Amino acid sequence: MSTVEDSDGANTASGEKDAESSKMHKVHKMRAKRDHGGDIDPVYKKLSAINGEINRMSSKELRDKLAELKLDVRGSKDILQKRLKMHYKQRKLMKAKVKPPGNSTYDYLIIIDFEATCQENNLNYNHEIIEFPAVLVDCHTRETVDEFHEFCKPIINPRLTEFCCGLTGITQDVVDKADEFPAVLERMESWMSSHYLGVDHTFAVVTDGPWDMSRFLQMQCNSSKIHFPHWGKKWINIRKAYSSYYSCKRMNLEEMLINLGLKFQGTQHCGLHDSRNIARIAIQLLNDGCDLVKNEFLHVAPPSPGTKSLGCLSNISSGDTSDHQNRTKEEIVKKLEDMKLESKNFVEENQDLLEYHRLQST
Ligand code: AMP
Ligand code: MG
């Protein structure tokens with residue numbers, strides 16, 4: 001049984017340091033130096049020892065400890081470890097009067113999961129958005145506070161394929177009665193204004209992967225000949241945030257839920273249900289102390305009449321945008337693949353980016 005104790009005279013770990021805890025210690029030291037002008041608060045040393053001990057705990061020990069602390073005991077070992085480490089981090093930093101982590105950068109998150117026209121073979125398919133859901137999460141109360149939901153009438157392919165109806169559950173009748181995308185977007189933006197988003201409150205858009213903004217919204221704005229909304233140019237890719245926070249492999253929506261010990265609620269590929277489930281993951285990340293920040297952005301070329309301009313997706317973290325702007329899609333894919341050989345973490349870090357450029361090349 002572990003000796004991690006929730007007190008200052010804690011029986012934390014013994015003097016031994018495994019590789020991970022010493023790596024963590026270095027990271028803490030660097031952060032502490034950065035945050036405190038060179039002076040390292042001893043609390044970071046203590047935290048490093050606690051982390052080392054948590055790394056050595058079995059799943060059962062982790063669950064027992066979390067239960068004792070009245071914390072959520074669901075999820076895989078990675079999740080349990082992170083939750084327990086964050087708990088101690090918050091407590092110890094608070095006690096040491098060092099600014100604790102876990103304060104959200106934004107007031108609100110808007111979770112968006114579009115459904116679009118499609119066919120079984122999507123090569124060169126000009127997707128149009130047919131379902132536009134948005135779930136509003138208050139980052140301070142960590143609750144869903146409102147939802148926006150409308151369907152849109154497609155123009156280029158007004159008849160939904162049997163495949164599309166089967167996948168999304170959306171019927172021809174529903175889209176026939178709906179408004180076209182620009183009118184729906186306008187109402188969605190009025191809904192945002194009704195919550196003073198971007199005026200009194202900060203917010204970020206959250207999606208499951210890069211495609212909602214970089215593919216569906218961009219294609220739709222090009223075909224509707226409207227400007228790409230400024231709020232969609234930078235966003236939080238939850239898959240990326242999740243794998244980076246819990247130090248696990250990149251997962252799809254259902255896998256992320258299962259890994260958290262949760263089940264998908266509703267029907268998959270229903271835009272509203274997908275959005276609600278992404279919101280559940282975002283809330284869990286916030287509850288576990290993750291500060292969700294925008295991690296992807298898109299360069300959007302200004303729309304010119306008759307021209308469909310495709311933007312260039314970038315990692316916010318890697319940030320080298322000028323480089324991407326001057327390359328063709330093929331060059332980018334080639335460069336990304338070359339980089340893959342150089343970095344063993346490449347696939348994890350850039351999977352969505354690579355996949356997106358591959359999609360664009362097709
Ligand atoms: P999702 O958010 O996973 O429900 O997918 C969003 C959109 O991507 C769908 O509305 C489809 O247009 C497209 N899509 C998803 N899965 C497939 C698939 N297996 N084949 C073709 N299109 C798909
Ligand atoms: Mg969906």
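The structure we're discussing is the one just above.
Residues numbered from 1 in each chain as written. Chains lettered and ligands numbered in written order. Predicted model: local features only at pLDDT ≥ 70, side-chain atom pairs only at ≥ 80, totals over all residues. Heavy atoms only, no water.

Brief notes about the overall build of the chain
Moving on, step 1. Helices and strands together make up the secondary structure of the chain, namely 14 helices and nine strands.
Moving on, step 2. Summarising the internal contacts of the chain: among those between residues at least 6 apart in sequence, 65% fall at separations of at least 24.
Moving on, step 3. Summing over all exposed atoms, the chain offers an accessible surface of approximately 17,700 Å²; the carbon and sulfur share of this is 50%. (Helix = DSSP H or I, 4+ residues; strand = E, 2+ residues; numbered from the N terminus. Contact = heavy atoms within 4.5 Å. Areas by Shrake-Rupley, 256 points an atom, 1.4 Å probe, with all protein chains shown as cover.)

Some thoughts on the site of ligand 1
Moving on, step 1. Around ligand 1 sit 14 residues in total, of which Asp-113, Glu-115, Ala-116, Asn-122 and His-269 are the nearest.
Moving on, step 2. Here an oxygen atom of ligand 1 and a side-chain polar atom of Asp-113 are 3.1 Å apart.
Moving on, step 3. Here an oxygen atom of ligand 1 and a side-chain polar atom of Asp-274 are 3.3 Å apart.
Moving on, step 4. Protein contact buries 72% of the 480 Å² of open area that ligand 1 shows by itself.
Moving on, step 5. The set of elements that each furnish at least two residues to the shell around ligand 1 consists of strand E2 (115-116) and helix H5 (162-168).
Moving on, step 6. The greatest single-element share of the shell around ligand 1, amounting to three residues, is contributed by H5.
Moving on, step 7. Per-class residue counts for the shell around ligand 1 are six nonpolar, five polar and three charged. (Near = heavy atom within 4 Å. Polar contact = N/O pair within 3.5 Å; in protein donor to acceptor, adjacent residues only side chain to side chain. Nonpolar A, V, L, I, M, F, W, Y, C, P; charged D, E, K, R; others polar.)

Some remarks on helix H9 (residues 238-245)
Moving on, step 1. Judged by how many residues are buried, H9 sits mostly within the fold: seven of eight residues are covered.
Moving on, step 2. Inspection of H9 places Ile-238, Arg-239, Lys-240, Ala-241, Tyr-242, Ser-243 and Tyr-245 among the buried residues, and these make up the whole buried set.
Moving on, step 3. Sitting at the amino-terminal end of H9 is Asn-237, which places a side-chain oxygen 3.0 Å from the backbone nitrogen of Arg-239.
Moving on, step 4. Trailing H9 by a residue or two, Ser-247 shows a phi angle of about 50°, which is positive. (Buried < 20%, exposed > 50% of the residue type's maximum accessible area, 1.4 Å probe, protein only.)

Some remarks on the pattern of salt bridges
Moving on, step 1. A complete count under the given rule lists eleven salt bridges for this structure.
Moving on, step 2. We note a salt bridge from Arg-276 to Glu-147, for which the minimum N-O separation is 2.7 Å. Of the two residues, Arg-276 sits in helix H11 (residues 271-287) while Glu-147 sits in strand E4 (residues 143-153), which places them 129 residues apart along the sequence.
Moving on, step 3. In this structure Glu-147 comes out as partly exposed when scored by relative accessible area, which is 30%.
Moving on, step 4. Within this structure, Asp-72, Arg-74, Arg-83 and Asp-288 form a network of salt bridges that share partners. (Salt bridge = Lys/Arg side-chain N within 4 Å of Asp/Glu carboxyl O.)

Re the coordination of the magnesium ion (ligand 2)
Moving on, step 1. Donor atoms from the polypeptide that coordinate the magnesium ion (ligand 2) comprise Asp-113 (OD), Glu-115 (OE) and Asp-274 (OD), at 1.9 to 2.1 Å from the metal.
Moving on, step 2. One chain supplies every donor to the magnesium ion (ligand 2), and in sequence these donors are spaced D-x1-E-x158-D.
Moving on, step 3. The exposure class assigned to Asp-113 is buried, which follows from its relative accessible area of 7%. (Donors = N, O, S within 2.8 Å, 3.2 Å for Na, K, Ca; no water.)

Re the packing of aromatic side chains
We describe a pair of aromatic rings using the distance from one ring centre to the other and the angle between the two ring planes.
Moving on, step 1. Going through the model one piece at a time under the given rule, you end up with six aromatic pairs.
Moving on, step 2. Pairing Phe-114 with Phe-132 gives two aromatic rings, centres 4.9 Å apart and planes at 75°, and the pair type is edge-to-face. Here Phe-114 is found in the loop between strand E1 (108-112) and E2, whereas its partner Phe-132 is found in strand E3 (residues 129-138), with 18 residues between them in sequence. We note that Phe-114, like Phe-132, is buried.
Moving on, step 3. Considering the side-chain rings of Tyr-242 and Tyr-246, the 4.9 Å spacing of their centres and the 70° angle between planes classify their relative orientation as edge-to-face. Tyr-246 carries the same exposure label as Tyr-242, and that label is buried.
Moving on, step 4. Ring pairing ties together the aromatic residues Phe-114, Phe-132, Phe-148, Phe-181 and Trp-191, which thus form one cluster.
Moving on, step 5. Its end group placed over the ring of Tyr-245, Lys-82 keeps NZ or CZ at 4.2 Å from the ring centre. (Phe/Tyr/Trp six-rings, centres within 6.5 Å; stacked < 30°, edge-to-face > 60°. Lys NZ or Arg CZ within 6 Å of the ring centre and 35° of its normal.)

Some thoughts on the pairing of strand E8 (residues 296-299)
Moving on, step 1. Residue alternation in E8 divides its side chains into two sets, Glu-296 and Leu-298 and Phe-297 and His-299, and both sets are buried.
Moving on, step 2. Where strand E7 (residues 234-237) lies against E8, two bridges are found, and the strand directions are antiparallel. Bridge pairing in E8 places Trp-235 opposite Glu-296. (Pairing = 2+ DSSP bridges.)

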